[in-house]
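Topology and contacts: notes
Residue strings, one per chain:
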Amino acid sequence: MEYLLKDNKLNPGDYNMLRSSVGWSPMSSQLAKVSLSNSWYVVSAVHHDMVIGMARIVGDGGFYHFIQDVIVHPDYQGNGVGKALMDQCINKIKSSVPPDASVLVGAMADKGREKFYERFGFRARPNEFEGAGLTRFVVGND
């Protein structure tokens, strides 16, 4: 299957379509627009003018990078799209690292998807070196 990877071209409608395709809740258009525009990097996979996958990197653009929202539409999973998106994100980060420096790259996986990220060198937490990762949702007027 042929597809193109496009940098920073994802719109809120396609973002929400992908989120919904994998059972995630859609965001308001405004929140999706802000989230995408404030991302350090966004890559999308496009097949015949349809967005079939995406990934984004959020962080400070220096030391901390977090790969988020790696999504491949279920109709296109198993074709290497997720791997291509991850490779693109890792290469984007590598290209920004100064010589002889290192940066921290994190990822948050859906339950049961940890093995996918381990193929790219990520380690599940907690482990013997690092504590557990923590998350919290904050609701307006909370």
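Scroll up for the structure.
Here the structure is a predicted model, which is why all the values come from computation and not from measurement.

**Structural notes on the sheet that holds strand E2 (residues 41-47)**
Within the open sheet, the five strands sit side by side as E1-E2-E3-E4-E5. Their pairing is mixed. Strands at the two margins of the open sheet, each flanked by one partner only, are strand E1 (4-7) and strand E5 (104-107). Neighbouring strand axes in the sheet, compared pairwise and without regard to direction, differ in orientation by 20° on average. Here four bridges tie strand E4 (residues 64-72) to E5, and the two strands are oriented parallel to one another. The partner of Ile-67 across the bridge, within E5, is Ala-107. Lying over the sheet, helix H1 (residues 12-21) contacts strand E3 (50-59) and E4, oriented at roughly 100° with respect to E3.

**Description of the side chain of Asp-69**
Take Asp-69: it is sitting in strand E4. A distance of 2.5 Å separates polar atoms of two side chains, one belonging to Asp-69 and the other to Tyr-15. Among the polar contacts made by the side chain of Asp-69, one reaches the side chain of Arg-56 at a distance of 2.6 Å.

**Comments concerning the pairing of E3**
Of all the ten residues making up E3, seven are buried; the element is thus mostly covered by neighbouring parts of the structure. Two strands pair when backbone bridges link them, and E2 and E3 are joined in this way by seven bridges, in the antiparallel orientation. Across the sheet, the residue bridging to Ser-44 is Met-54, located in E3. With antiparallel pairing between neighbouring strands as the criterion, E2 and E3 make up a hairpin whose turn holds two residues, including His-48 at a positive phi of roughly 50°. Where E3 lies against E4, six bridges are found, and the strand directions are antiparallel.

Criteria and cut-off values
Residues numbered from 1 in each chain as written. Predicted model: local features only at pLDDT ≥ 70, side-chain atom pairs only at ≥ 80, totals over all residues. Heavy atoms only, no water. Pairing = 2+ DSSP bridges. Helix = DSSP H or I, 4+ residues; strand = E, 2+ residues; numbered from the N terminus. Axes fitted to C-alpha atoms, helices over the stretch in contact; angles between N-to-C directions. Contact = heavy atoms within 4.5 Å. Polar contact = N/O pair within 3.5 Å; in protein donor to acceptor, adjacent residues only side chain to side chain. Buried < 20%, exposed > 50% of the residue type's maximum accessible area, 1.4 Å probe, protein only.

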